[in-house]
Amino acid sequence: MASLEWSALQNGSDIRGIAAEGIIGEEINLTVEKVRALGAAFVQWIATQTAKRPILISIGMDCRLTGPAFLEALEESITDCGADILNCGVNSTPAMMLTTKMPEVNADGAIMVTASHMPFNRNGLKFFYHGDDIQKEEMSMIVDMAEAGVQNTEDLPKGQVHIYNLAALYCRKLRTKICAALKNSPNPDRPLEGLKIVVDAGNGAGGFYARRVLEFLGADITGSQFLEPDGRFPNHSPNPEDYEAMQSIVTAVKYHKADLGILFDSDVDRAAIVDSNGRVINRNELVGIASAIVLEEHPGTTIVTDSITSTGLNKFIVNILGGKHQRYQRGYRNVIQEARRLNEIGEESWLAIETSGHAAFRDNNFYDDGAHFATRIVIKLAQLKREGKTLSSLIEQLPVAVEQRVFRLPIVGDDFSRIATDTMNGLRQFVSQIEGWEEVSQNHEGLRVMCNNESEQGWFLYRLSLHEPVTPINIEADVVGGTDVIIKKLKMFFRSVRNVDYRDLYN
């Protein structure tokens with residue numbers, strides 16, 4: 001088992017760490033030496049999975065300042081182990097994943113150097129094999145190998161490095177999808193003529209989408225901003241859940257009178273959108289848009305979402321769109337794996353999506369690909385505009401809660417998993433004694449409760465955070481003041497609970 005120094009770098013199936021100075025109190029723990037060791041360990045791990053030699057590994061990065069040094073370290077260690085390299089330079093995470101699936105590339109494995117939306121001083125590695133993320137347990141094995149040290153035990157000659165223009169192939173794939181869907185346009189080669197679309201890449205890796213996909217196909221991208229990669233992220237965080245980032249693109253859409261705004265995160269595995277009125281469409285509404293698109297193509301299919309989606313969204317998917325809705329554990333990989341599992345047992349599912357903006361479609365191998373998601377939305381926008389409709393018309397009947405609130409209650413104590421479980425069991429008993437409150441039985445994460453009293457008309461979800469000693473509570477109500485009534489009752493319970501800091505409920 002890896003030491004604390006190494007295991008601290010593992011974040012599920014990814015590697016994440018502090019890679020640069022710049023924030024007081026944060027010491028570097030992800031170094032060039034560790035990246036070099038992880039690259040060699042990945043080659044060794046793949047060698048246990050396949051007899052093919054030489055092994056071919058594709059590597060790429062987002063625009064973080066430490067990316068070039070990490071990419072060079074990977075080149076050195078991987079070729080020293082006798083494997084060949086395809087260096088794809090600045091790219092998106094979904095494109096790197098596709099290199100292990102596309103016959104044009106046919107890489108045995110891929111490594112993406114990225115820390116997604118995290119601050120500029122962070123960086124990390126994402127690993128892919130056979131068109132999928134490697135799993136948490138496999139990542140643990142690679143970390144153990146990296147710490148132990150890896151040698152070229154097969155005495156293979158040093159591998160070769162090839163520069164590969166992956167971006168051109170990836171953009172062509174996206175353009176082909178748009179042209180095929182809009183082949184009846186007046187100008188099939190430029191089917192996006194007449195659309196004005198603003199793209200905000202947040203100085204991450206997603207700027208290619210504006211020029212090499214949208215503008216190439218005829219769209220007016222006037223007003224698009226922060227398209228040039230800059231690992232300092234000088235304008236705003238490249239994060240669809242960041243308020244400042246969303247307000248920035250809202251302003252651009254309104255000023256330029258655009259039909260659509262698209263905001264990508266740093267490595268382009270997530271996207272958020274803004275409609276022609278400057279209305280932010282994210283979280284439940286973004287899931288609603290995606291569900292409407294998919295259920296039009298595949299009536300009755302199951303939409304898999306994370307656990308915090310609203311009651312209104314459930315009614316929209318089931319009662320209005322005629323689909324099925326499966327809530328599952330938070331974490332985009334969990335949601336994706338559940339959709340895959342449903343398909344394997346014969347229950348058709350064409351969409352797995354989190355309220356954070358991660359969206360994975362069955363026709364795209366269930367990759368969480370922000371550019372693919374944006375492409376699906378752009379296609380639908382073009383079709384709707386011909387009919388004189390807007391994108392928001394797809395979710396006109398989506399019930400929206402009157403009040404929505406989120407609290408994060410820290411756990412005080414070392415054994416936070418046990419404390420959270422004991423607290424949840426106690427809360428379950430408390431709920432059973434409250435008139436009008438009813439636990440939702442079909443629930444895959446935490447404790448979800450319907451609050452059916454006239455003064456509440458809402459619900460709450462109490463769960464354990466995926467990565468922190470924190471218990472989040474999501475609360476919604478369909479009447480003014482309903483969340484306050486629910487919170488007042490929850491306070492009664494938490495006053496008797498040790499090891500959970502519930503002061504946030506008073507804010």
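In this text, all values refer to a predicted model and were calculated from it rather than measured experimentally.

Novice: So what's going on with the sheet that holds strand E21 (residues 470–477)? Which residues, and what values?
Specialist: Ordered in space as E17-E21-E20-E19-E18, the 5 strands form an open sheet in which the pairing is antiparallel. With one partner strand each, in any of the chains shown, strand E17 (403–410) and strand E18 (437–439) form the two edges of the open sheet. Neighbouring strand axes in the sheet, compared pairwise and without regard to direction, differ in orientation by 20° on average. Strand direction decides the pairing type here: E17 and E21, joined by 8 bridges, are antiparallel. Considered in E21, the bridge of Pro410 is made with Val470. Sitting on the sheet, helix H13 (residues 416–431) touches E18, strand E19 (447–451), strand E20 (458–462) and E21, and the angle it makes with E20 is about 155°.

Novice: Any details on the pairing of E19? Residues and values, ideally.
Specialist: With 4 of 5 residues buried, E19 is to be regarded as a mostly interior element. In this sheet, E19 lies alongside E18 in antiparallel orientation, the contact comprising 3 bridges. Along E19, the bridge assignment pairs Trp437 with Cys451. In terms of strand pairing, E19 meets E20 through 5 bridges, oriented antiparallel. By the bridge assignment for E20, Met450 is matched with Trp459. Linking E19 back to E20 in an antiparallel pair, the connection comprises 6 residues, with Gln457 at a positive phi of about 45°.

How each quantity is defined
Residues numbered from 1 in each chain as written. Predicted model: local features only at pLDDT ≥ 70, side-chain atom pairs only at ≥ 80, totals over all residues. Heavy atoms only, no water. Pairing = 2+ DSSP bridges. Helix = DSSP H or I, 4+ residues; strand = E, 2+ residues; numbered from the N terminus. Axes fitted to C-alpha atoms, helices over the stretch in contact; angles between N-to-C directions. Contact = heavy atoms within 4.5 Å. Buried < 20%, exposed > 50% of the residue type's maximum accessible area, 1.4 Å probe, protein only.

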